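A closer look at the structure
Below are the chains, spelled out letter by letter.
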Amino acid sequence: SLFHYSAIICLLYYCVPNRLFKKHVYLCVLLFICFTFEYFQSLLLTALENFSYGKVLLYVNIEDGGISTVFILYKLFVFFLFLYRIDRCVTNLPKYKIVNIYFLSIILYLILSFSSSIGGRIILYFTMFEILIIPFIINSYSRMIKRLLISILFIMINVYQYFSFLYSFSDTFIPYKFLFL
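Residues numbered from 1 in each chain as written. Predicted model: local features only at pLDDT ≥ 70, side-chain atom pairs only at ≥ 80, totals over all residues. Heavy atoms only, no water.

**Some thoughts on the packing of aromatic side chains**
Any two aromatic rings considered together are summarised by their centre-to-centre distance and by the angle between their planes. The tally for this structure, following the rule as stated, stands at eight aromatic pairs. Residues tyrosine 74 and phenylalanine 154 carry aromatic rings whose centres are separated by 6.4 Å and whose planes lie at 80 degrees to one another, so their mutual orientation is edge-to-face. Here the residue tyrosine 74 occupies a position in helix α4 (residues 69-85), and phenylalanine 154 occupies one in helix α8 (residues 144-168), the gap between them amounting to 80 residues. By relative accessible area, which is 4% here, tyrosine 74 ends up buried. (Phe/Tyr/Trp six-rings, centres within 6.5 Å; stacked < 30°, edge-to-face > 60°. Helix = DSSP H or I, 4+ residues; strand = E, 2+ residues; numbered from the N terminus. Buried < 20%, exposed > 50% of the residue type's maximum accessible area, 1.4 Å probe, protein only.)

So, in structure tokens, the structure goes:
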């Protein structure tokens, strides 16, 4: 086939509105999902079992990991920082659509947290929006020292994520030898 089945999630891009909701709406939706994500997970597992003929359950049963707390906190930090600074971002890109898609990726990651491989695959489609968001956040600060501090913070967090991934899967995944590994 031409596309992978999971690429259908990218069709959500056309359904996401290009307008900014009020900040309390984002917070209410996030809190609602945090308290009800187990219900959505059971519905989704049932649907995936029927759709994929049990293939998804094979992945879920052999995994030992779930949601990464540091990863979701990082995503929430980026989202709320961008939401706080969105008025200072000057761009021709549809920044409100980018915010909504990034928020949707956080929601999907929370709902799909029962499986790190499935949640990780789905959220990978939305990672490109983080590449757009971080420069907007950095450029929204007018003073150079703040830009530098925010840049260093993002670099440190991403380096930490990279090495924690390599150390947690060091027995199964070593792409290249490195000085510290």
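There is more to say after this.
**Observations concerning the packing of α4 against helix α5 (residues 95-111)**
One way to put it is that α4 packs onto α5 with a least axis distance of 11 Å and a crossing angle of 160 degrees. The angle between the axes of α4 and α5 places the two elements in the roughly antiparallel class. Every pair of crossing elements has a handedness; the one defined by α4 and α5 is left-handed. Residue-level contacts link Phe71, Ile72, Lys75, Leu76, Val78, Phe79, Phe82 and Leu83 of α4 to Lys95, Val99, Tyr102, Phe103, Ile106, Tyr109 and Leu110 of α5. Class assignment of the residues belonging to the contact of α4 with α5 gives a composition of 13 nonpolar, no polar and two charged. (Axes fitted to C-alpha atoms, helices over the stretch in contact; angles between N-to-C directions. Parallel < 35°, antiparallel > 145°, perpendicular 65-115°, else oblique. Left-handed = near helix turned anticlockwise from the far one by under 90°. Contact = heavy atoms within 4.5 Å. Nonpolar A, V, L, I, M, F, W, Y, C, P; charged D, E, K, R; others polar.)

**Structural notes on the pattern of salt bridges**
All told, the structure shown has one salt bridge when counted by the stated rule. A salt bridge links lysine 75 to glutamate 130; the shortest N-O distance between them is 2.5 Å. With lysine 75 in helix α4 and glutamate 130 in helix α7 (residues 127-139), this pair connects stretches of sequence that are 55 residues apart. Comparing lysine 75 with glutamate 130, the two get one shared label, buried. (Salt bridge = Lys/Arg side-chain N within 4 Å of Asp/Glu carboxyl O.)

**Looking at the environment of leucine 104**
Relative to the assigned elements, leucine 104 resides in helix α5. The sequence separation of leucine 104 and valine 16 amounts to 88 residues, and the corresponding C-alpha distance is 8.7 Å. Residues in contact with leucine 104, not counting those within four places in the same chain, are Leu12 and Val16.

**A closer look at the nonpolar core**
By size, the foremost hydrophobic cluster in this structure holds 39 residues, and its most contacted members are Phe79, Phe82, Ile106, Ile137 and Phe154. Looking at this core, the elements with two or more residues in it are α2 (23-52), α4, α5, α6 (116-124), α7 and α8. Non-local contacts of isoleucine 106, meaning those with residues more than four positions away in its chain, are made with Leu30, Ile72, Lys75, Leu76 and Phe79. (Core = buried A, V, L, I, M, F, W, Y, C linked by side-chain atoms within 4.5 Å.)

**Things to note about the side chain of asparagine 100**
By the secondary structure assignment, asparagine 100 is in helix α5. Setting aside residues no more than four positions away along its own chain, asparagine 100 makes contact with Val16, Pro17, Arg19, Phe21 and Tyr26.

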